[in-house]
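Observations on chain architecture
Single-letter residue listing:
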Amino acid sequence: MLRIENLRKNYKSFSLDCTMEVRPGCVTGLIGQNGAGKSTTFKAALGLIRPDGGNIRIMGRDIGEFGVGDRQKLGVVLSDSGFSGYLTVADTVPILSNLYKDFDKPFFLEQIKKGGLPENKKIKEFSTGMKAKLKIITAISHNAGLLILDEPTAGLDVVARDELLDLLREFMEKDENRAILISSHISGDLESLCDDVYMIHEGKIILHEDTDVLLSDYAVLKMDERQYDMLDKQYILRSRKESFGYSCLTNQRQYYQDNYPKLAVIKGTIDEVITMMIRGAVL
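Description of the structure in this document.

Let's shift gears to the environment of Met-20. Tracing the backbone shows Met-20 in strand S2 (residues 15-22). Along the chain, Met-20 and Leu-167 lie 147 residues apart, while their C-alpha atoms are 25 Å from each other. Apart from residues lying up to four places away in sequence, Met-20 is in contact with Leu-2, Arg-3, Ile-4, Thr-28, Leu-30, Thr-41, Leu-181 and Tyr-198.

Before going further, it helps to spend a moment on the nonpolar core. Membership of the largest hydrophobic core comes to 49 residues, with the highest contact counts inside it found for Phe-108, Leu-147, Leu-168, Ile-180 and Ile-182. If you tally residues by element for this core, the top one is helix H5 (residues 158-173), at 7 residues. Residues in contact with Leu-147, not counting those within four places in the same chain, are Gly-75, Ala-139, Ile-140, Leu-168, Phe-171, Ala-179, Ile-180 and Leu-181. Formed by 26 residues, the second largest nonpolar core is a distinct cluster that contains Leu-7, Ala-36, Phe-66 and Ile-148.

This next bit is on helix H2 (residues 89-99). All of the buried residues along H2 are Val-89, Thr-92, Val-93 and Leu-96. Seen end-on, H2 carries its buried residues on one side only, within an arc spanning 115°. Residues of H2 that are buried make contact with helix H3 (105-114) and helix H4 (128-139).

For the rest of this paragraph, the subject is the pairing of strand S8 (residues 179-183). Counted residue by residue, S8 has 5 buried out of 5 residues, so it is predominantly covered. Burial along S8 is two-sided: the face carrying Ala-179, Leu-181 and Ser-183 and the face carrying Ile-180 and Ile-182 are both buried. Strand direction decides the pairing type here: strand S3 (residues 27-31) and S8, joined by 4 bridges, are parallel. When the bridges of S8 are listed, Gly-29 appears paired with Ile-182. The pairing of strand S7 (residues 146-150) with S8 spans 5 bridges and is parallel. Across the sheet, the residue bridging to Asp-150 is Ser-183, located in S8.

Time to look at the side chain of Ser-247. With respect to the secondary-structure elements, Ser-247 resides in strand S13 (residues 246-250). Leaving out residues up to four positions away in the same chain, Ser-247 has contacts with Val-220, Leu-221, Lys-222, Arg-238, Ser-239, Arg-240, Glu-242 and Met-276.

This part takes up the packing of aromatic side chains. For the structure shown, the criterion picks out 5 aromatic pairs. On the numbers, 3.7 Å between centres and 10° between planes, the contact of Tyr-228 with Tyr-246 is stacked. Of this pair, Tyr-228 sits in helix H8 (residues 225-230) while Tyr-246 sits in strand S13, placing them 18 residues apart in sequence. No difference in accessibility class separates Tyr-228 from Tyr-246, as the two residues are buried. Relative to Tyr-256, the ring of Tyr-255 lies with its centre 5.0 Å away and its plane at 90°, an arrangement referred to as edge-to-face. One aromatic cluster is present, built from ring pairs that chain together Tyr-235, Tyr-255, Tyr-256 and Tyr-260. Sitting over the ring of Phe-171, Arg-178 keeps its end group 4.2 Å from the ring centre. Above the face of the Tyr-246 ring, Lys-241 is positioned so that its terminal group lies 5.3 Å from the ring centre.

Counting through the fold element by element, Tyr-11 comes out in the loop between strand S1 (2-10) and S2. What makes Tyr-11 partly exposed here is its relative accessible area of 40%. Put simply, Tyr-11 and Val-27 are 16 residues apart on the chain and 29 Å apart in space, counted from C-alpha to C-alpha. Apart from residues no more than four positions distant in its own chain, Tyr-11 is found in contact with Thr-40 and Ile-49.

Next up on the list: the sheet that holds strand S14 (residues 264-267). Reading across from one edge, S12-S13-S11-S14 is the order of the 4 strands in this open sheet, with antiparallel pairing throughout. The sheet is open, and its two borders are formed by strand S12 (236-241) and S14, each paired with just one other strand. Strand-to-strand, the axes of this sheet are offset by a mean angle of 20°, without reference to chain direction. Pairing analysis gives 5 bridges linking S12 to S13, with the strands arranged antiparallel.

Conventions adopted
The numbers attached to residues start from 1 for each chain and follow its sequence in the written order. With the structure being a predicted model, the display of local features is reserved for residues of pLDDT at least 70 and the display and counting of side-chain atom pairs for 80 or more, all residues being used for whole-chain, interface and lining totals. Computation of side-chain values covers all heavy atoms of the structure but excludes hydrogens and water. Think of it this way: any DSSP run of H or I at least four residues long counts as a helix, any run of E at least two long counts as a strand, and we number them from the N terminus. Any two residues having at least one pair of non-hydrogen atoms within 4.5 Å are treated as being in contact. We define the nonpolar core as a collection of buried residues of types Ala, Val, Leu, Ile, Met, Phe, Trp, Tyr and Cys that are connected through side-chain atoms lying within 4.5 Å of one another. Any residue under 20% of the maximum accessible area for its type is buried, any over 50% is exposed, and the rest in between are partly exposed; the area is computed with a 1.4 Å probe on protein chains only. The arc in question is traced by the directions running from the helix axis to the C-beta atoms. Whether two strands pair depends on DSSP finding at least two bridges between them. Only centres within 6.5 Å qualify two rings of Phe, Tyr or Trp (six-membered ring in Trp) as a pair; their planes then separate them into stacked at under 30 degrees, edge-to-face at over 60, and tilted for everything else. By the criterion adopted, a ring carries a charge over it if an Arg CZ or a Lys NZ lies within 6 Å of its centre and within 35 degrees of its normal. As a rule, the C-alpha atoms of each element are fitted with a line to give its axis, helices using only the stretch in contact, and angles between N-to-C directions run from 0 to 180 degrees.

Rendered as structure tokens:
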């Protein structure tokens, strides 16, 4: 659905060099700190900024050949975009009907009602969660094949995030060929939604892993200096000196559980992996 190869974009204080792929039927997460390059990658993939090099193919076509008609099959949510605050939901219906030939008005209005969004209230008076719901509902209401979502759950409470994630799951369940690329700094969203995740740091992809593998095989090992000196380090990805000794990130949790039963083994989460990949040292 989306293939990015050696995408490069250079700014005065930042350079992006990114390769990644979003496959049909998959939800792919892009994770990283603020300023790591997530939004730059999204904007380049959408043709909103001109890259300095690399190739982008989206839904089987080169980005340079991806025209207005092709973009009908994209559902997009960007963190810094949205409807004018002076419009109401009712005002957006004719706009969307004219923008998208496959706009599903009954579905849109049904989701608006289910989401508790008032049709005749100005959008500027909506809460953060209501605005986020409106953007997601819009993105999934015109039979898109690929959703590109930049931090769609940012600033939402737990209930609002869960409601939005349910909408995305329902979107995927309706067609096995659909796909989603989503960025988020809230690891729980990605753990429960994504099939695979890419981690970006300072403009470069530093890790790509299936979510199931990350959660089952990755772990953080805690040990004192003596244990660290005796440790077989062939499966250690990162290590970090701590006040008590060392923390080490591995992608072979079972190996260390079987061979080093006295080590403290903390099952990997996306948060743990992010922290160790960014702050830990390569052996």
